[in-house]
Amino acid sequence: MTEKPTQISQLILDSISEWGLDLSSASPLFTLFSLLILLGLCWLAFKVTRRLFSGKLTRFILATKATWDDELQRHNFFKRGAHLVPGVLLYLLSPLLFAHTPMLLVLLQKLAFIYILLTAVMLLSAILNTIEDIYEASRLSQRVPITGFIQVGKLVLALIAVILIVSNLLEKSPVLIISGLGAAAAILLLVFRDTILGFVAGVQIVANRMVNNGDWIELPKYGADGTVLELGLTTVKVRNWDNTISTVPTYALIGDSVKNWRGMQESGGRRIKRAINIDIQSIKFCDQDMLDNWEKIRFIKDYISEKKRELAKYHQDNSITEQDLLNARRLTNIGTFRAYMVRYLQHHPKLNQDMTLMVRQLAPTELGLPMEVYCFSADKNWVSYEGIQSDIFDHFLAMLPAFGLRAYQRVSDRPSNHN
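Computed from a predicted model, the values in this text were never measured in an experiment.

Peer 1: I'd like to hear about the packing of helix H6 (residues 84-97) against helix H7 (residues 102-136), residue by residue, with values.
Peer 2: Contact geometry for H6 and H7: axes closest at 9 Å, N-to-C directions at 160°. Judged on the interaxial angle alone, H7 and H6 are roughly antiparallel. In this structure, H6 meets H7 at a crossing whose hand is left-handed. The residues of H7 that touch H6, namely those facing Leu-84, Pro-86, Gly-87, Val-88, Leu-90, Tyr-91, Ser-94 and Pro-95, are Leu-105, Leu-108, Gln-109, Ala-112, Phe-113, Tyr-115, Ile-116, Thr-119 and Leu-123. Per-class residue counts for the contact of H6 with H7 are 13 nonpolar, four polar and no charged.

Here it is in structure tokens:
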């Protein structure tokens, strides 16, 4: 018994009969004509919808004050949405045209379902990208990055889409498909090892605020030393100071040694910790002429005057003459230079005076007596910091001869060859 054709099928048959062809709804030629007409309608619907979304809708979106719709437009959300129309038409119209060809009908509906599902995944991915961009523009993104979670969301969407597609093709329940994955759990764990480790590491990193986008980090094991560009699900991108890009596994941030300079960037200064090695043979007691000359130096004028009074009182109280070299107290050029260094740093306008500031002697070595400067630059910018540090040590090195001191410099024992 032949089934009665639908209204749309009958309309197509009537149109074909006007061309002099007598076909039935079960005819292969009718099926071909119907397929071409259906695909043509879907293509035309897609073009019209795409033109609409690319024209008036775009101008309207750009004219609004809101930014979220601009981000959706930038990520092609509306252009991708145009793909829904042909997919829905194909799914709804195919039963009306191909009721007499069940195999073709099933094939078209499965293809339409997959097409709609993939379009939905692209739309949701565009929404996730929009959420990420809006969030990255906020101040909170510097404290809690969400790139890893966005990538997890995209991965979950892809897995759901794959399960639904397989379920549709096999005509099985998605629950059965998921339950069947238990047998392949070991393989999945192997395939998605980095993803799983990265997700677990990402949760710990965000929860503990270990690393954020924009942080300066050092990972010697991976040769990374620079600014974090992107904290992803499986990898972290670091722009090194030579402008190369290092890609580091996310789980390495919790499994390996990492130095994060964020504490320095958020503090009031950047540490200067460097020493000048003084030639021990240049260290000596000060005579009166030296003290008179140093008393003219602005930074230690009061220091010299106070020390001279202190020593005079000590000698008077203990009946010690200045000629008594064994018992007399005398200033040294190294001690006076250290006092000068401290007062110079205390008057430096580009140092943070509220943070630790000192000059100390370290243990003497075969390279001389180290005089270490420990202070903090108020300017934390790398270029400015290096300039401030260099200026300070330029001045100290130039002042050494004024205090009768020499910087240690190793001299080769090999005799020079002169003709």
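Peer 1: Go over the nonpolar core, please, and point to the residues and values.
Peer 2: Grouped together as the largest cluster of nonpolar side chains are 37 residues, with contacts concentrated most on Trp-294, Phe-337, Tyr-340, Leu-345, Phe-396 and Phe-403. When residues of this core are traced back to their parent elements, those giving at least two are strand E6 (270-278), helix H14 (288-294), helix H15 (301-317), helix H16 (333-346), strand E8 (369-377) and helix H17 (382-399). At eight residues, the largest contribution of residues to this core is made by H16. Phe-337 has contacts with Phe-396, Met-399, Leu-400, Phe-403 and Leu-405, leaving out every residue within four places of it along the chain. Grouped together as the second largest cluster of nonpolar side chains are twelve residues, Ile-205, Val-211, Leu-219 and Ala-224 included.

Peer 1: Let's hear about the side chain of Ser-377: which residues, and what values?
Peer 2: Relative to the helices and strands, Ser-377 is located in strand E8. On the basis of relative accessible area, Ser-377 is assigned to the buried category, the value being 0%. Within the local environment of Ser-377, its side chain forms a polar contact with the backbone oxygen of Asp-379, the two atoms lying 2.8 Å apart.

Peer 1: Give a description of the pattern of salt bridges that names residues and reports values.
Peer 2: Taken as a whole and judged by the stated rule, the model has eleven salt bridges. A salt bridge links Arg-309 to Glu-306, with the shortest nitrogen-to-oxygen separation between them at 2.9 Å. One end of the pair, Arg-309, and the other, Glu-306, are both in helix H15, three residues apart, so they sit about a helical turn from each other. Residue classification places Arg-309 among the exposed residues on the basis of a relative accessible area of 53%. Here Arg-329 makes a salt bridge to Glu-310, at a shortest N to O gap of 3.2 Å. Linking Arg-329 in the loop between H15 and H16 with Glu-310 in helix H15, this pair joins segments that are 19 residues apart in sequence. Take Glu-310: its relative accessible area is 32%, and that puts it in the partly exposed class. A single network of salt bridges, built from pairs that share partners, joins Lys-273, Arg-360 and Glu-372.

Conventions adopted
Residues numbered from 1 in each chain as written. Predicted model: local features only at pLDDT ≥ 70, side-chain atom pairs only at ≥ 80, totals over all residues. Heavy atoms only, no water. Axes fitted to C-alpha atoms, helices over the stretch in contact; angles between N-to-C directions. Helix = DSSP H or I, 4+ residues; strand = E, 2+ residues; numbered from the N terminus. Parallel < 35°, antiparallel > 145°, perpendicular 65-115°, else oblique. Left-handed = near helix turned anticlockwise from the far one by under 90°. Contact = heavy atoms within 4.5 Å. Nonpolar A, V, L, I, M, F, W, Y, C, P; charged D, E, K, R; others polar. Core = buried A, V, L, I, M, F, W, Y, C linked by side-chain atoms within 4.5 Å. Buried < 20%, exposed > 50% of the residue type's maximum accessible area, 1.4 Å probe, protein only. Polar contact = N/O pair within 3.5 Å; in protein donor to acceptor, adjacent residues only side chain to side chain. Salt bridge = Lys/Arg side-chain N within 4 Å of Asp/Glu carboxyl O.

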